[in-house]
Amino acid sequence: MRSLLVLLACGLLVVCSRAQAWAQARPVFDSSGAGCSFDGAAAPRAFSWPHAIGSGQSRLLVVSVSTTSLDLAPVGSPLPRVLSVSYNGVGLARINDLPAVSPLPDARAGVEMFRLSEPLPAGGSYMVTVTLAGGADYAVGGSVSFSEVNQVRPLGLFQSSGGNSRSPGVNVLSAPNEVLLDAVATRFDGGVLQTQASQAERWNGRNCFDLIHSIGAGSSKQGAFFATTLGWTMVGGSNQAQPWAMGAVSVKAVPTRPSDFDGDGRTDVAVWRPTSGNWYLNTSSLAPRIQFDWGSASLGDVPVPGDYDADRRADIAVWRAGEGNWYIIRSSTNSVINLNWGQSGDRPVAADYDGDGATDLAVFRPTEGNWYIRNSFDGTARVQGWGDSTDRLVPGDYDGDGKADIAVFRPSDGNWYIIRSSDGAGVAQNWGLGGDVPVPGDYDGDLKTDLAVFRPTEGNWYVRQSTGEATIRNWGQSGDAPVPGDYDGDYKTDFAVFRQTEGNWYIILSGSGAPAVQFLGQSGDTPVPTAYLH
């Protein structure tokens, strides 16, 4: 087992096509609103404002409250200043247990953030109500809602900062398919808060008070790799340095399911027929059956569906081994691209290795034991030695960091060998026997790939969840092809088999526990949901 990591410029080992400037599928901004209060610091009080939420899918509401006091706050007294936040009478959960606060000795400015995920009310306008605990002379609240947000893990880590200057700022870790959301608080003498040019202002206290004093404001910005800075500038007021506090989080996108061709968050039943090169799709939200002619087994094509354009819909694609070419129909534009990556004898292992929301071109070269990965974000290449020629290739996000990990299942010893992308460490875990079929997936819905095998001789599924808990489920029989996927859109992998002799798909929906049967395919067809496993 080797663990050599080499970063290569595009084109050193294999021909590489120019990096594509594809739009990322990220959370969609819905609407924003704001309210404010100035009523003295002593008595608890509440203030409200309307927020109109849309009717999109997978929604999230974030409410931020910026506060400040006129008097110098005693150490340990000023925060938290918010007792509760509700929307349409439903309480929001606090995002940051420890509020962002301006540094001592002038700890007068503070930021507290709250969130509410689905189920949210039907599209319409409802009241946001903030109840203060006291200790704040001025309070400004801002509400921002999004759709297409990951409901299991909607937000990244809360980041905060504080200072005494005219330029508040905070650094936030994120990914290109995420949206950053911030809130800032300062004293009355800070004047008007203005965003950096790269940020979109979502709410500002100047619209509540007198147009020349903000107290608090919030903005959003497209995420990026590594740390991204969100910043503001104080204009007017005293024109002197002022204490300020900032808080920020990243909003995470709905993950793309394997074989989700219509983008509704559910795995679609689909097959590729080598004899004709046709794809047959039973999409869960569009027409009952869709047919595409794409690829040819006589030319050595292998189906490699994936979300190559990061629009949260799987693209129909094949890899032609004799040429090393990838032929992809981009669902975002219905256009065709041809990218060269790999050579004859390689095995395709496309997945999102760089965490940008787009599937990356990747192959495993059995003669070397090397993985060749082309990062979609910047076109750079990575070569990683990991695995033997007889290993089964099982890339997945085993550490839950949003990036596919290089991984193999070795039938000869029943071990899974994984390189965690979060820290680069190589780990081994025994799970399975020779003759088992690896079926990794997120069976418990925690956004981490679980080790799992299907044992054809028994019809049993053996799942080792990322928590360490083991599950055994009998579903299927000898001759069935296991086709795990999230067929009901509840963020959990469902047990499913494709019985080629009948053309039936037998699925246990994890959301309800009910069995389901769909008809699609015939003997010799390749089931698309597991085409990424080799």
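Quick notes on the rules
- Residues numbered from 1 in each chain as written.
- Predicted model: local features only at pLDDT ≥ 70, side-chain atom pairs only at ≥ 80, totals over all residues.
- Heavy atoms only, no water.
- Helix = DSSP H or I, 4+ residues; strand = E, 2+ residues; numbered from the N terminus.
- Rg over C-alpha atoms; globule rule 2.2 N^0.38 Å.
- Buried < 20%, exposed > 50% of the residue type's maximum accessible area, 1.4 Å probe, protein only.
- Areas by Shrake-Rupley, 256 points an atom, 1.4 Å probe, with all protein chains shown as cover.
- Lys, Arg positive; Asp, Glu negative; His and termini not counted.
- Charge placed at Lys NZ, Arg CZ, Asp CG, Glu CD.
- Pairing = 2+ DSSP bridges.
- Phe/Tyr/Trp six-rings, centres within 6.5 Å; stacked < 30°, edge-to-face > 60°.
- Lys NZ or Arg CZ within 6 Å of the ring centre and 35° of its normal.
- Contact = heavy atoms within 4.5 Å.
- Polar contact = N/O pair within 3.5 Å; in protein donor to acceptor, adjacent residues only side chain to side chain.
- Salt bridge = Lys/Arg side-chain N within 4 Å of Asp/Glu carboxyl O.

Trainee: Describe in detail the overall build of the protein chain, supporting the description with residues and values.
Mentor: A tally of helices and strands in the protein chain yields zero helices and 43 strands. Here the C-alpha radius of gyration of the protein chain, 26 Å, is about what a compact globule of 534 residues would show, namely 24 Å. Taking the principal axes of its C-alpha atoms as reference, the protein chain extends roughly 75 × 50 × 45 Å. When each of the 534 residues of the protein chain is scored for burial, the buried share is 57%. Accessible surface, the protein chain as shown: approximately 20,400 Å² in total, 52% of it carbon and sulfur. If you average the places of the 38 positive and of the 54 negative side-chain charges in the protein chain, the two averages end up 3 Å apart.

Trainee: Lay out the pairing of strand β11 (residues 138-147) with the relevant residues and their values.
Mentor: Here β11 lies mainly inside the structure; ten of its ten residues are buried. Relative to β11, strand β2 (residues 28-38) runs antiparallel, the two being bridged by ten bridges. Looking across to β11, one finds that C36 is bridged to V140. Note that strand β4 (residues 60-68) and β11 share nine bridges and pair antiparallel.

Trainee: Can you break down the packing of aromatic side chains residue by residue, with the values?
Mentor: Summed over all chains, the structure comprises 14 aromatic pairs. Among the aromatic residues, those joined into a ring-pair cluster are Y443, F454, W461 and F495. The positively charged end of R365 is found above the aromatic ring belonging to Y372, 4.2 Å away from the centroid. Directly above the aromatic system of Y462 lies the positively charged group of R455, at a separation of 4.3 Å from the ring centroid.

Trainee: Residues and numbers for the sheet that holds strand β35 (residues 437-438), please.
Mentor: With respect to topology, four strands assemble into an open sheet ordered β35-β36-β37-β38, the strand pairing being antiparallel. Where the open sheet ends on each side, the last strands, each with one partner, are β35 and β38 (470-474). Where β35 meets strand β36 (residues 451-455), two bridges bridge the pair, whose relative direction is antiparallel. Residue pairing across strands places V437 opposite F454, the latter belonging to β36.

Trainee: Break down the environment of D360 for me, citing the residues and quoting the values.
Mentor: Turning to its location among the elements, D360 is positioned in the loop between β27 (347-348) and β28 (361-365). Residue D360 is classed as buried on the basis of its relative accessible area of 0%. A sequence separation of 54 residues divides D360 from G306, and the C-alpha atoms of the two residues are 8.5 Å apart. In this structure, D360 is in contact with A350, A351, D352, Y353, D354, I373, R374, N375 and S376, ignoring residues within four places of it in sequence. Here the side chain of D360 touches Y353 through a polar contact of 2.7 Å, landing on its backbone nitrogen.

Trainee: Mind laying out the pattern of salt bridges, listing which residues take part and the relevant values?
Mentor: Two side chains carrying opposite charge are able to pair once their charged atoms lie near each other. Taken as a whole and assessed by the stated rule, the structure comprises 19 salt bridges. Across the pair R273 and D525 runs a salt bridge whose closest N-O atoms are separated by 2.9 Å. Remark: D525 occurs in the loop between β42 (515-519) and β43 (526-527) and R273 occurs in strand β20 (residues 269-273); sequence separation between them is 252 residues. Residue classification places R273 among the buried positions, given a relative accessible area of 14%. E368 serves as the salt-bridge partner of R365, at 4.0 Å between the closest nitrogen and oxygen. For R365, a relative accessible area of 5% corresponds to the buried category. Among the charged side chains, a network of salt bridges with common partners joins D301, R320 and E323.

Trainee: Account for the environment of D442, with residues named and values stated.
Mentor: Topologically, D442 is positioned in the loop between β35 and β36. Sequence separation between D442 and D494 is 52 residues, and the spatial gap between their C-alpha atoms is 8.8 Å. Within polar-contact distance, the side chain of D442 engages the backbone nitrogen of G445 at 3.0 Å.

Trainee: Tell me about unusual backbone geometry, and name the residues and values.
Mentor: Cis geometry is adopted by the peptide bond preceding P119, which originates at E118 and carries an omega value of 5°. Note on placement: P119 falls in the loop between β9 (110-117) and β10 (124-132). Positive phi values are uncommon outside glycine, yet E148 reaches one of about 60°. For E148, the position within the fold is in the loop between β11 and β12 (159-165). With phi around 70°, R312 is a residue other than glycine that occupies positive phi space.

Take it as geometry only, folks, not as evidence of what the structure does.
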